[in-house]
Structure formats: structure tokens, C-alpha cells
Amino acid sequence: MVSESNGTAASAETYHQKAISSLKDGSLFIAEAFIDGEWVKKEKEFDVYEPSTATVLGRVSNCELADFKAAISSAEKAQTEFWESTTAAQRGAILRKWNDLILANTDDIGTILSLENGKTLSEAKGEVAYAASFVAWFAEEATRAYGDTIPSSTPHTTVLTFKEPIGVCGIITPWNFPAAMITRKIAPAFAAGCSVVIKPPSETPYTCAALTKLALQAGLPPKVIQVLPTKDRAAATELATNAGVKKISFTGSTGVGKMLAKLATGTLKRASLELGGNAPFIVFEDADLDLAAEGAMFCKFRCSGQTCVCANRIIVQESILEAFTAKLVEKVKALKTGPGLDPNTTQGPLVNKSGVDKTAQHVQDAVSKGAKIAIGGSAPEGSGFYFSPTVLTGVTEDMLVANDETFGPLAPIFTFKTEADAVRLANATEFGLAGYFFSKDIGRVMRVARKLECGMVGVNTGKISAAEAPFGGVKESGYGREGSMYGIAEYQTIKSVTIGNLNL
Ligand code: SIN
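Residues numbered from 1 in each chain as written. Predicted model: local features only at pLDDT ≥ 70, side-chain atom pairs only at ≥ 80, totals over all residues. Heavy atoms only, no water.

Draft legend 1. Seen up close, unusual backbone geometry. Not every positive phi belongs to a glycine, and Cys303 is a case in point at roughly 55°. Cys303 sits in the buried class, given a relative accessible area of 1%. At Asn501, a position not held by glycine, the phi torsion is positive, near 55°. By the element assignment, Asn501 lies in the segment after β22 (492–499). What makes Asn501 exposed here is its relative accessible area of 77%. (Buried < 20%, exposed > 50% of the residue type's maximum accessible area, 1.4 Å probe, protein only. Helix = DSSP H or I, 4+ residues; strand = E, 2+ residues; numbered from the N terminus.)

In C-alpha cells:
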């Protein structure tokens, strides 16, 4: 396994080259777009970086607006000419095969994912399994798309409902989960009978291309999936406004989500928006503190703090502040920062320099207003997009980190006196994606779970993400639900059929 990465150009090249040549199936490392059933190399390309060395990993086809228009029209044809009339059983079988192929290629996809995103190989492989779990889940859901028979108020009449595919879906995904955010959107789309046009993140396009190759290998008809890497911001606008696209699904910032929602209203497209979070993580004095510290580590430092459901504000009851902080700092001290593919690394770099800058800005702002650094607090010298895992104490509501998602390895600790204070502090944000709390009191568990204004609550756990659990937010964290028994409905319409004058 690759372990050297001291930031010089030569060693960076070795790091990339060794990793890429270690792939069992090198043909999964693809720099092309996939349009109208063909892999297409565009004349214009853009650089993709490897975050631990901050050097170029490769150059990928940069699609233009005309490519998006062509892809949408090809996907529309595939949708109406054959894909929507396949049976749910046929689509389920393709998804099952795709799931198997993804799992069989875990090592390669994990390596590619780690190289372009920076997360550790073990996290990357975990993400591959997580990504496959959505494919497996929706393979089963495909055949559960039941309609209803509804008693009619008119004599000799019956009302039926059919679940139908909504049509071509525009899919815009983020770089923090280059595999799972794709499958969480497109597996239910395929299960429902929709074709998709994907704009993968420009930071991490290789994972999407590898997944696409495996989907085709599993028997997905080529024009049902179109993949267009690009740096052109107009691409998202095209997906949100083109009348051929019937639904958009976006995971990313609240600002971009709001813009896409506005654009989508022009053609009354359906939208699912999984946007920013500012998750509270409350530790009550009756909590199991070891469990809480373990939960905080997973929930804060997973993907180096770059998840929408990351604990952004750790809110601790005053009486246990010292004990909890000591446990958390001890665990943070044990983290080993380094390149994702180094087997000793437990904390990878951030995806880019702006992630490092934002984390530094949050630390500086908090410290300038009185917070104290318990551990970490700065970006280490040298190359690579690193920021030391950090814990701040004495954090208050006037600091940037109280209101803005850091998206980096920064755990800021706030304090509270009463349960009512904790709930008020937790809800004092326009975001409402995830929230967490730790308590052994069942009455409090039920009360606080209801009072938290968010779409997902973790109680005595920092892990809430799974194929079977509905994923999505309230308030300015967006709308729509992914995964779970509800996820497929985002890609279906309900048609009612009233049959009258029956000889009943
Ligand atoms: C996200 O951060 O957008 C997704 C995180 C998850 O699925 O757990």
C-alpha cells in the first residue's frame, strides 16, 4: 500500500501512479463523459486534485451546455421508447446485479474514491458498501410500487391508482460522498423507471464514472444513464430549466439549492433538495459519557468533518463539561492525520483549500471572541489540504461557528444549564437537517426527540445514515426524503384511473 506523500511533485506522482496501477481493474479509472450511450472524450478538460498532495490526479472531460442538451434528449428517448415500459422485476434484477458488481469492486472503487476525495481507504470502502446498500434496497423497492383500489362515491365506478415514473431526472451530487450520494439518488430513479442525467461533482468525477461502467456491465441500457462532468455552472441551470427534465435532485449548499428551486418552478419541475446543516449534538448530564464521546468522534470527524449531518455544535451540560471535554480531547489526540491511502491514517485531508480556509476562519473568529483551543487549531505546515482535528471550548452564540456549517474537523463546545436551554440553543438556526443527543432518561428522550427542529435525530448514537432510514431535512435544509420506503416516491407520480359504468 502507498504510504509516502511528502508533498514534492515527484512523490505525489508516485503516490498517484502507484495507487492507480494497483487497481485490479484499471479500466475503472475513466476520464470521459458518458453521453448518448458512448464514452466521450471532450477536447476541453479540467484538473481533478488529489487532496493529500494538492497535486493533479488527472484531467477529465469538461462537458458544455450543448452536451447537456444532447444528453437530456437522449435520456428522454430512452425513457419513453423502452425504459418506462420495462417491468419492475427486470429493473430490480439489473439493480441487484449492479449491487453485486459494486461490492465485488470495493477495493478499486475505494481506492479511486480515496484518491479524489481524500478520505481514508477504510472510510472509502465503507462508503462503497453504503453506496451499494441503496442499490440493494431499491432493487427490492422496485417491485413494491403498489397502487390502490379506492371505493368510489359514484355507483358502478371504481378508482385505481398507478405509480408511474416521473420522467428524466437531473441529478447533481456533492464531492463528500462521491459514491453514496449518486446511488442514493439514481437507484430509486432506476427502480421507478426513470432515466437520469448526472452532473457529478467536479472535485470527484472518477468514482461516478466507475459506478457507471459497472451499471452498464450489470445490464443497464446505456442511454438510461448519462454522466457529464463539467466545471460549467450553467449545466445545473440547464438541468433545472430544460423542459425535458421532469425532476431534479440536488445535494449541496442551501444557497445553490434555493437558486435551483427557483429555476425549477419555471417548468414546475419536482425537486428534492438535501442542503446544508448545522447539527446540534447535545450531551445531557445523565448521558453515558463514553458513548457520547464515541458518538461525537464518529459524527464530527467522519470524512474529516465534511458531512452535512456532522455535529457542528457540541452542546454540553455545565456539570459534565470538564469530564466530557477530557474524554473527547483524548480521542482526538489519538487521530492520525495523513494521506487517505496510508493504512496508518485515521483522518484524511480536506477536499480543497477553501475547506481548510473556512475551518481556519471559524477557529480564528471563535478565538478572537474568547474561545479556547483544547487541541489542534491550525493547518499544519507543508502541502496537502490538511487541518488538525480541533476542539474549542468556551464557544458562544455570537461566534461564526454557531451559525455557519464549518465542513471541517472542528468540534466547538457550547454549554447549557437546563433542558429548555439546550433545546433553544439547538433550534437557534435556520437549518434543520440532523440533530443528536445523549441521555439515559426515556422521558427526556421522547421529549427532546420531538422538540428538535430537524429531519433526522440520533439518540445515544452519532450514526443515523442507513439505506432503510429516511434521509432529509426541514427548514432551510431542504425537502424530500432519500433512501427508505419513502425514497422511491420522489421519482414517481400517482395517476388515478376512474372506471365508470361498470356492470357491478
Ligand atoms: C451528506 O453529508 O450529504 C450525507 C451524509 C450521509 O449520508 O450520511
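Draft legend 2. Geometry of the site of the ligand. Lining the immediate environment of the ligand, one finds 13 residues, of which Tyr130, Arg184, Arg302, Cys308 and Ser465 sit closest. Contact distances for the ligand include 2.7 Å between an oxygen atom and a side-chain N or O atom of Tyr130. Between Glu274 and the ligand, the recorded distance is 3.2 Å, taken from a side-chain N or O atom to an oxygen atom. In this structure, the ligand is accommodated by the largest cavity. (Near = heavy atom within 4 Å. Polar contact = N/O pair within 3.5 Å; in protein donor to acceptor, adjacent residues only side chain to side chain. 1 Å grid on protein atoms, 1.4 Å probe; cavity = no way out; pocket = protein on both sides within 12 Å on 5 of 7 lines; lining within 4 Å. Sits in = over half its atoms within 2 Å of the grid points.)

Draft legend 3. Structural context of the pattern of salt bridges. Per the stated rule, a full pass over the model turns up 27 salt bridges. For Glu482, the salt bridge is made with Lys185, and the minimal N-O distance between the two is 2.6 Å. Of this pair, Glu482 sits in the loop between β21 (478–479) and β22 while Lys185 is found in helix α6 (residues 180–192), placing the two residues 297 residues apart along the sequence. Two residues, Glu419 and Arg447, come together in a salt bridge whose shortest N-O distance is 2.7 Å. Highlighted residues: Glu419 in helix α14 (residues 419–427) and Arg447 in helix α15 (residues 442–451), separated in sequence by 28 residues. With relative accessibility at 14%, the residue Glu419 sits in the buried group. Salt bridges sharing partners connect three or more residues here, namely Lys41, Glu45, Asp47 and Arg59. (Salt bridge = Lys/Arg side-chain N within 4 Å of Asp/Glu carboxyl O.)

Draft legend 4. Structural detail: empty space enclosed by the protein. Per the counting criterion, the structure on display carries six cavities of 30 Å³ or more. Empty space within the largest cavity amounts to approximately 90 Å³. Lining the largest cavity are 14 residues, with Phe177, Met181, Arg184, Glu274 and Phe471 positioned closest to its centre. Class assignment for the residues of the lining of the largest cavity results in seven nonpolar, four polar and three charged. (Points joined across faces, edges and corners; volume = space filled by probe spheres on them. Nonpolar A, V, L, I, M, F, W, Y, C, P; charged D, E, K, R; others polar.)

Draft legend 5. Focus on the packing of aromatic side chains. Scanning the entire structure with this criterion turns up 11 aromatic pairs. Ring centres of Trp83 and Phe190 lie 6.3 Å apart, and the angle between their planes is 90°; this geometry places the pair in the edge-to-face category. You can see Trp83 sitting in the loop between α2 (65–81) and α3 (88–104) and its partner Phe190 sitting in helix α6, a full 107 residues away along the chain. Given the relative accessible area of 1%, Trp83 is considered buried. Through a chain of ring-to-ring contacts, three or more aromatic side chains come together here, namely Trp83, Trp98 and Phe190. Between the NZ or CZ atom of Lys119 and the centre of the ring of Phe177, over which it lies, the distance is 4.0 Å. In this arrangement the basic side chain of Lys247 is found over the ring face of Tyr491, its NZ or CZ atom lying 4.8 Å from the centre. (Phe/Tyr/Trp six-rings, centres within 6.5 Å; stacked < 30°, edge-to-face > 60°. Lys NZ or Arg CZ within 6 Å of the ring centre and 35° of its normal.)

Draft legend 6. A look at helix α10 (residues 289–301). Spanning 13 residues, α10 covers 18 Å between terminal C-alpha atoms, matching the ideal 18 Å at 1.5 Å per step. What α10 keeps buried is the set Leu289, Ala292, Ala293, Gly295, Ala296, Met297, Cys299, Lys300 and Phe301. Elements that come into contact with the buried residues of α10 comprise β12 (279–283), β13 (311–317), α11 (321–333), β15 (390–393), β16 (410–416) and β18 (434–438). N-capping of α10 is provided by Asp288, with a side-chain oxygen placed 3.0 Å from the backbone N of Asp290. Once α10 ends, the next one or two residues include Cys303, with phi positive near 55°. (Expected span 1.5 Å × (residues − 1). Contact = heavy atoms within 4.5 Å.)

Draft legend 7. Spotlight on the UniProt feature "domain: Aldehyde dehydrogenase" (unreviewed entry) in the protein chain. In the numbering adopted here, UniProt assigns the feature "domain: Aldehyde dehydrogenase" (unreviewed entry) to residues 39–497. Taken as a whole, residues 39–497 contains 39% helix and 21% strand, while its terminal C-alpha atoms sit 41 Å from one another. (UniProt positions renumbered as here; feature names shortened; annotations may be inferred.)

Draft legend 8. Looking closely at the packing of α3 against helix α5 (residues 121–142). Close contact between α3 and α5 brings their axes to 8 Å; oriented N to C, the two are set at 165°. Relative to α5, the element α3 is oriented roughly antiparallel. As for the relative orientation of α3 and α5, their crossing is left-handed in sense. Every residue of α5 that contacts α3 at Ala88, Gly92, Leu95, Arg96, Trp98, Asn99, Ile102 and Leu103 is listed here: Val128, Ala129, Ala132, Val135, Ala136, Phe138, Ala139, Glu140 and Ala142. Broken down by class, the residue content of the contact of α3 with α5 amounts to 13 nonpolar, two polar and two charged. (Axes fitted to C-alpha atoms, helices over the stretch in contact; angles between N-to-C directions. Parallel < 35°, antiparallel > 145°, perpendicular 65-115°, else oblique. Left-handed = near helix turned anticlockwise from the far one by under 90°.)

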